[in-house]
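# Architecture at a glance
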Amino acid sequence: MTDRVYNFSPGPATLPFEVLEQAGTDVVNFQSTGIGLIEISHRSKEFMAVVADAEANLRELMDIPDNYKVLFLQGGASSQFFMIPMNLLGNGKKATYLNTGTWAKKAIKEAQLFGDIDVAYSSEGVQFKRVPEDSEYTVADDSEYLYYVSNNTIYGTQFAKAPVSDKMLICDMSSDILSHPVDVKKYGLIFAGAQKNLGPAGVTVVIIREDLLSRTPEKIPTMLSYATHADKGSMFNTPPCFAVYVVGEVLKWLKKQGGVAAIEKINKAKAQILYDAIDSSDYYRGHAEKNSRSLMNVSFNLPTPELEAKFIAEATKVGLNGLKGHRSIGGCRASIYNAFPQEGIVKLVEFMKAFEAANPA
Ligand SMILES: *Cc1c(COP(=O)(O)O)cnc(C)c1O
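One numbering rule holds for all chains: residues counted from 1, following each sequence as written. Local features in a predicted model are, by the rule used here, given only for residues with pLDDT of at least 70; side-chain atom pairs are given and counted only at 80 or more, and totals for whole chains, interfaces and linings are based on all residues. Calculation of side-chain values draws on the structure's entire complement of heavy atoms; hydrogens and water are dropped beforehand.

## Section: the domain arrangement of the protein chain
The figure often quoted for interface size is the accessible area lost as the parts come together. Condition: Per the annotation, domain bounds derive from an automatic or database assignment of domains. Any pair of residues with heavy atoms lying within 4.5 Å of one another is described as a contacting pair. Summed over both partners, the accessible area lost on bringing two parts together, with a 1.4 Å probe, is the buried area. What counts as a salt bridge is simple: a side-chain nitrogen of Lys or Arg found within 4 Å of a carboxyl oxygen of Asp or Glu.
Considered domain by domain, the protein chain is made up of domain 1 (17–256) and domain 2 (259–358). Computed from C-alpha coordinates alone, the two centres of domain 1 and domain 2 are separated by 27 Å. At the interface, 25 residues of domain 1 touch 24 residues of domain 2. In total, domain 1 and domain 2 occlude about 2,100 Å² of area from one another, counting both sides; carbon and sulfur atoms represent 54% of this. Inspection of the domain 1/domain 2 interface yields one salt bridge. Salt-bridge contacts for Glu289 lead to Arg130; the nearest nitrogen and oxygen are separated by 3.0 Å.

What follows is the structure in structure tokens.
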């Protein structure tokens, strides 16, 4: 095996090495059952315990109140873009959305199929380089919910705190769930595709307030109703067993790190190293406005696209992988989720300084 490189990929993203090793063992022989993890019945007592533990650990780490259900669903975070309005907007009710990037825009497009969607704020005119203050938009009185994306994975912006509203919040936390404490009771629904900060691709975690389960219109497909999955403990059909298992292992790892408040401190320190490097040079330019900067995805540019291409190619050669920015904005992006080690960021900053010296603008 080649040595492990520093993987700055935005998702699927780096996972704790000890989780990968444990998964490797369990895939072949799960808990000495003589059956591999991806062969064992999802209704076996061993696998049912995996799901129960994952849920219990998520509840503990996020301090999820008892009147919320935790669901492990398929279809990616993108399926939540339509499941939410399909279940919650009945026949054409109103909802408010904040357009802070590609993922918000996609959610708005789907929601418009079901409801009367008020886009109360958009930073599209400024290349999505910021997220709003509370004072920059209003939420209509007859809105059912306020929808936002807490961390904009592509543009490298993040809400430093949840929007203040008397409406229930609905949030796409795909790329920053469990990176900092969240007050779950402000939310009607929280969802996250696992492959950024939580585990492998294939499972989407949904945390939904129980009373919302009864709002679903009758005539929607069984698989697309939240109540179906809530009633059956995410076992209405075969769940994505492997992905749920890895999420469970990542949650155990996070508990060992001291939980969400502890990882937030580490995340702040990690991001600071990189932002300090960007701020101390004219060569590197951060995409996000300072107040909107993400602790998870750091998007930045070099003086020219040619230098960016060279930077990415040379970084890869020294074991700094996955730094290419999203095709919609180009440039570079370092994704530094919970499991990304601080040494990798230090190494990136050393590389940035050496590259600047060797390649003047
Ligand atoms: C990656 C991402 C998505 C899309 O996730 P899929 O699981 O690929 O559908 C949605 N929202 C955010 C914020 C993301 O980062």
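## Examining the sheet that holds strand S12 (residues 297–301)
The following threshold applies: Note on pairing: two strands pair once DSSP finds at least 2 bridges between them. For the purposes of this entry, the term helix denotes a DSSP run of H or I that reaches at least four residues, the term strand denotes a run of E that reaches at least two, and both are numbered from the N terminus.
The sheet built from three strands is open, its strands ordered S11-S12-S14 with antiparallel pairing. Among the strands making up the open sheet, the edge pair consists of strand S11 (285–286) and strand S14 (332–335). Across four bridges, S12 lies against S14 in antiparallel orientation. Bridge pairing links Asn297 to Ser335 in S14.

## What to know about the side chain of Ser179
For clarity, the cut-off: Between N or O atoms, a polar contact is any pair within 3.5 Å; within protein, one atom must be a potential hydrogen donor and the other a potential acceptor, and residues adjacent in sequence are included only when both atoms are from side chains.
Its location among the elements puts Ser179 in the loop between strand S8 (168–172) and strand S9 (187–193). In this structure the side chain of Ser179 is engaged in a polar contact, spanning 2.7 Å, whose partner is the backbone oxygen of Asp176. Residues in contact with Ser179, not counting those within four places in the same chain, are Gln158, Asn197, Val260, Ile263, Glu264, Asn267, Met296 and Asn338.

## A word on the environment of Ala23
Test applied: Each residue gets one of three labels from its accessible area relative to the maximum for its type: buried under 20%, exposed over 50%, partly exposed in between, using a 1.4 Å probe on protein chains only.
Secondary-structure assignment places Ala23 in helix H1 (residues 17–28). With relative accessibility at 7%, the residue Ala23 sits in the buried group. Spatially, the C-alpha atoms of Ala23 and Glu249 are 8.3 Å apart, while their sequence positions differ by 226 residues.

## Considerations on the sheet that holds S9
This is how the line gets drawn: In this description, a line fitted to the C-alpha atoms serves as the axis of each element, helices being fitted only across the stretch in contact, and the angle between N-to-C directions of two axes falls anywhere from 0 to 180 degrees.
Spatial ordering of the open sheet is given by S2-S10-S9-S8-S5-S3-S4, a layout of seven strands whose pairing is mixed. Looking at the sheet topology across the chains shown, the edges are occupied by strand S2 (68–73) and strand S4 (116–122). Recorded for the sheet is a direction-independent mean angle of 15° between the axes of neighbouring strands. Bridge count between strand S3 (residues 94–99) and S4: six bridges; the pairing is parallel. Note on S4: the bridge partner recorded for Lys94 is Asp116. Across the sheet, helix H4 (residues 102–111) lies against S3, S4, strand S5 (143–149) and S8, angled at about 160° from S3, the strand it touches most.

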